[in-house]
Number of protein chains: 2
Amino acid sequence: MPVWVGQEVQTLPRQADLDSAMPVNLAAPDPASLLPVAGVALGVAAAAIRKPNRKDLLVIRLDDGANVAGVFTQNRFCAAPVVVAREHLSMRKPEASIRALVVNTGCANAGTGKEGLAHARQTCADLARLLGCTPDQVLPFSTGVIMEPLPVERIVAGLPACIAALSADNWLAAAQAIMTTDTLPKAASCRLTIGNVPVTVTGIAKGAGMIHPDMATMLGFVATDARVSRSLLKAAVEHAVKRSFNCITVDGDTSTNDAFMLIASGRAAMSELDDARSPDFLALRDAVTEVATRLAQAIVRDGEGATKFIALCIEGGRTEDECRRIGFAIAHSPLVKTAFFASDPNLGRILAAVGYAGVADLDVSKLELYLDDVLVVRDGGRNPGYQEADGKRVMNQSEITVRVVLNRGNAMATLWTCDLSHDYVSINADYRS
Amino acid sequence: MPVWVGQEVQTLPRQADLDSAMPVNLAAPDPASLLPVAGVALGVAAAAIRKPNRKDLLVIRLDDGANVAGVFTQNRFCAAPVVVAREHLSMRKPEASIRALVVNTGCANAGTGKEGLAHARQTCADLARLLGCTPDQVLPFSTGVIMEPLPVERIVAGLPACIAALSADNWLAAAQAIMTTDTLPKAASCRLTIGNVPVTVTGIAKGAGMIHPDMATMLGFVATDARVSRSLLKAAVEHAVKRSFNCITVDGDTSTNDAFMLIASGRAAMSELDDARSPDFLALRDAVTEVATRLAQAIVRDGEGATKFIALCIEGGRTEDECRRIGFAIAHSPLVKTAFFASDPNLGRILAAVGYAGVADLDVSKLELYLDDVLVVRDGGRNPGYQEADGKRVMNQSEITVRVVLNRGNAMATLWTCDLSHDYVSINADYRS
């Protein structure tokens, strides 16, 4: 079992008037809780990409021999850095490992055509020259406004300062550097033991809006010093992402820039994990999944304008896919989300969303709906014993579990989302101003 | 060509501060513009279903021999009246035509289980007794809050007052009686000539939220005095709905109660239309489609909190289905909708929505995006000649056309939607209070 370092995520007191400018029960990570990962150094700098004096550029330098695996957005309008990072990852040979990741905020470099691709390649080439590797050993990432040209000259000019700042202790600064509309940096760290060898897993993520990852969140980077083969690293990525970033939504908008990267520096004094069924690999995989889940939940807690953190448990389905489809229909419904914002147990809106989720042969007369421990719907209709006061009591909470029992099989899925508030509209109406 | 009666939809002046409590360029129908349809009488009454002294109950009485066809929501959690109306329509025999429709607002009678079905049947039975027909000659409809029990005793008590008020001139009162969060009644009327015989088409609709019809809007009723066979009436319904109600969305929430009904009283002095290719039938079909389109657009103009009316034209697709999928991805994106609310030409959000619409082999490098006449994106990237001031000028308008050209085929689709404003959140946070 991984050991969590530092404080648990704190439950902050909520103001009665739902001050939605603060995230839902999310604290800034304690810097002491973020463990360095041997073989991984991070440096940030202010490159004035969008705003002056804002640390907006991050370089993650990896020692030689690291393995890197990742997943990217399925958006057809994927950003130029996604195209280039995918290409560079697919070119890997054992003798030339990935040596650096470079991340900018303020500009997504998406919808920028051929020029955007050239800018992403130029960033890689310049960083490679500074680090003494080849351009294809660098992976580029961008986040920010879509369809604006990347100010590549400012990024290139900022790279030396990032390199000068490289340190293994810079995880919190890195989490801060990649924020856009996030109100708090997102990072998590844990330690586990593999055959008496201590191993560390540390990760960061960003994201608050345009969140409906279809592979990964806006940006997430997790590193471990464990030694893991390329194929097992890919398996760990798939396992973790399926249970973390692919289970969250804020607004149903899948970003052009989503990427999740898992780095294994291999610096721990252990032999390489290469058996997918070994308890050691499973322990590492679960630790990575847990870090990814904490990061993903942090994104929802910091969802744009969020005042509530909502877990959706869809149970008793025939397939996991149909459970996820129903869960996302609820999570994306503006009517459900505004009812949560108002703490109004107008729960028929949840039934409507279940009904239009696209499960064609669903027998709604078997359905049960629980709000935390309150049985609201039984046999597809209002539970005769349900009192609106009980629903209201749960709706007033800042953390709510909605449980839908389909009673047609054994599959299930759990998703996490937030409500839709005035602040979501304000934040996105004002984003570029 | 149908002749429109009364004023055209007026372009109202918009306040500079976007007073979103008023609909977008929509005026209340002039009562004189709503032509009576021979064989169709309407009566409304206040039954105190949800609020006292509000006319909330409507009876539409049809003369013997009318043909009725319709489509209903695809939501699996469809309301009890939808189940009963579908059943009664499917039971029709030539000697026992539909004689009445009964519509209540204030309670959707959805998510109400077996009791809800019994209430819908009781409503039909009581109205049938009063009108001297059988219960299966009555079609019930409800709209309002989901999962609350229908106050059937109040509805039954209100029926005699509706019958006492029956008149062919009551179309506007009927449109008012079925409103929920609508700010204005929605009705349209036109007249055409079929073989020298004047024929009338008049319709009403309601809806402002929970609008993403998957067959029809919340509720729409169109009547004509033309004589049309059952099968051609069904064909006209499909043609009209596909081009009107199924092309709109406000919030992407498909209602439990959607229904669109087309009534042909057959009272016009003409022989029955029974040839699907005859110019007379096509003229009638197009008139019905035009009335339905005006009603559907009125729903979007009165969309909850709407400040902008947005037409989405997706062109150059391989199939109409993929054009619709891309159009709805744009129309449902909260980020796109809030950018329109802010008049912010943050148009990369439109590209992101195109990219995640699920068209797997879309080559985005061929894409063009126009905002009215302004070419924003060419070859998948920002048009070098695009000036943000030009985008801003169009975004400031209250009516905007977004044109996406895919350049991969000849199919196209046009959809209509509105923006997402603070008032949408307020209206839906406060709906039941």
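Being a predicted model, the structure only gives us computed values, none of them experimental.

Calculation criteria
- Residues numbered from 1 in each chain as written.
- Chains lettered and ligands numbered in written order.
- Predicted model: local features only at pLDDT ≥ 70, side-chain atom pairs only at ≥ 80, totals over all residues.
- Heavy atoms only, no water.
- Helix = DSSP H or I, 4+ residues; strand = E, 2+ residues; numbered from the N terminus.
- Buried < 20%, exposed > 50% of the residue type's maximum accessible area, 1.4 Å probe, protein only.
- Contact = heavy atoms within 4.5 Å.
- Areas by Shrake-Rupley, 256 points an atom, 1.4 Å probe, with all protein chains shown as cover.
- Lys, Arg positive; Asp, Glu negative; His and termini not counted.
- Charge placed at Lys NZ, Arg CZ, Asp CG, Glu CD.
- Buried area = accessible area lost by both parts, 1.4 Å probe.
- Salt bridge = Lys/Arg side-chain N within 4 Å of Asp/Glu carboxyl O.
- Phe/Tyr/Trp six-rings, centres within 6.5 Å; stacked < 30°, edge-to-face > 60°.
- Lys NZ or Arg CZ within 6 Å of the ring centre and 35° of its normal.
- Least-squares fit on C-alpha atoms with pLDDT ≥ 70 in both.
- Pairing = 2+ DSSP bridges.
- pLDDT = per-residue confidence, 0-100.
- Arc of directions from axis to C-beta.

A. Structural detail: the overall build of chain A. Helix and strand counts for chain A come out as eleven helices and 17 strands. For the C-alpha atoms alone, the extent of chain A along its principal axes is close to 70 × 50 × 40 Å. Residues classed as buried in chain A amount to 63% of the 433 residues present. Partitioning the contacts of chain A with sequence separation of at least 6, the portion at a separation of at least 24 is 80%. A total accessible area of about 15100 Å² is found for chain A, and carbon and sulfur atoms account for 50% of it. Side-chain charges of chain A comprise 42 positive and 47 negative groups, with the mean position of each set lying 3 Å from the other.

B. Summary view of the interface of chain A and chain B. Residue-level contacts link 57 residues of chain A with 56 residues of chain B. Of the roughly 4600 Å² buried where chain A meets chain B, counting both sides, 61% is carbon and sulfur surface. At the boundary of chain A and chain B, one finds zero salt bridges. No other element matches the six residues that helix α11 (residues 422-429) of chain A contributes to the side of chain A that touches chain B.

C. Local environment of the packing of aromatic side chains. Residues and elements named next belong to chain A. Under the counting rule described, the total for this entry stands at four aromatic pairs over all chains. Ring centres 5.0 Å apart and planes at 85° place the aromatic pair F141 and F221 in the edge-to-face group. Of this pair, F141 sits in strand β6 (residues 138-142) while F221 is found in strand β9 (residues 219-224), placing the two residues 80 residues apart along the sequence. Residue classification places F141 among the buried positions, given a relative accessible area of 4%. Ring centres 5.2 Å apart and planes at 50° place the aromatic pair F245 and F260 in the tilted group. Here F260 lies in strand β11 (residues 259-264) and F245 lies in the loop between α5 (230-243) and β10 (248-249), a separation of 15 residues in the sequence. You'll find F245 and F260 in the same group, each marked buried. The ring of Y370 has R403 sitting right over it, with the charged end atom 4.3 Å from the ring centre.

D. Molecular detail of the pattern of salt bridges. Enumeration according to the criterion identifies 34 salt bridges over all chains in this entry. Its salt-bridge partner being D126 of chain B, residue R129 of chain B comes within 3.0 Å of it at the nearest N-O pair. Of the two residues, R129 of chain B and D126 of chain B are both situated in helix α2 (residues 113-131); the distance of three residues between them amounts to about one turn of the helix. Through salt bridges with shared partners, one network takes in R318, E322, D361 and R408 of chain A.

E. Region of interest: the relation of the copies chain A and chain B. Note on the copies: chain A fits chain B at an RMSD of 0.0 Å, the axial shift is 0.0 Å, and the rotation between them is 180°. Taken together, the rotation and translation describe the operation of a two-fold axis. Minimal C-alpha separation from the rotation axis in chain A is found for H422 of chain A, amounting to 2.8 Å. Here 98% of the interface residues in chain A have copies in chain B that are interface residues too; the copies meet face to matching face.

F. Broad picture of the environment of A100 of chain A. With respect to the element layout, A100 of chain A can be found in strand β5 (residues 100-104). When sequence neighbours within four positions are dropped, the list of residues in contact with A100 of chain A reads I60, R61, L127, L131, Q137, V138 and L139 of chain A.

G. Broad picture of the sheet that holds strand β17 (residues 411-418) of chain B. Taken in spatial order, the seven strands of this open sheet run β10-β17-β12-β16-β13-β14-β15 (chain B), and their pairing is mixed. Edge positions in the sheet fall to β10 (248-249) and β15 (381-382) of chain B, since each of these pairs with one other strand and no more.

H. Seen up close, unusual backbone geometry. All names here are of chain A. One non-glycine residue, D379, lies in the positive phi region at around 50°. Tracing the backbone through its elements, the reader meets D379 in the loop between β14 (374-378) and β15 (381-382). A relative accessible area of 53% means that D379 is categorised as exposed.

I. Seen up close, the environment of D344 of chain B. Residues and elements named next belong to chain B. Here D344 shows up in the loop between α8 (334-341) and α9 (348-355). Judged by relative accessible area, D344 falls into the buried class, the value being 9%. In this structure the C-alpha to C-alpha distance between D344 and D363, which are 19 residues apart in sequence, comes to 27 Å.

J. Quick look at the confidence of the model for chain A. Residue and element names in this part refer to chain A. Here chain A averages 88 in pLDDT, while 94% of its residues score no lower than 70. Per-residue pLDDT, averaged within each element of chain A, yields its smallest value for strand β1 (residues 3-4) (58) and its largest for helix α3 (residues 152-164) (98). Taken together, the stretch residues 6-20 has pLDDT below 50 and engages in 30 contacts with residues farther than four places along the chain or on a different chain. Under the prediction, the complex receives an ipTM of 0.78, its pTM being 0.82.

K. Spotlight on α11 of chain A. Buried within α11 of chain A we find Y424, V425, N428 and A429 of chain A. The arc that holds the buried residues of α11 of chain A, viewed along the axis, is 120°, so those residues lie on one side. Close packing links the buried residues of α11 of chain A with α8, α9 and α11 (422-429) of chain B.

L. Spatial organisation of the pairing of β11 of chain A. Residues and elements named next belong to chain A. Among the six residues that make up β11, six are buried, leaving the element largely enclosed by the rest of the structure. The alternating pattern of β11 places A259, M261 and I263 on one face and F260, L262 and A264 on the opposite face, and all of these are buried. Two elements, strand β4 (residues 67-72) and β11, share six bridges in a ladder whose sense is antiparallel. Across the sheet, residue V68 finds its bridge partner in β11, namely I263. Bridging between β9 and β11 involves six bridges; their strand directions are parallel. Following the sheet pairing, V222 is matched in β11 by L262.

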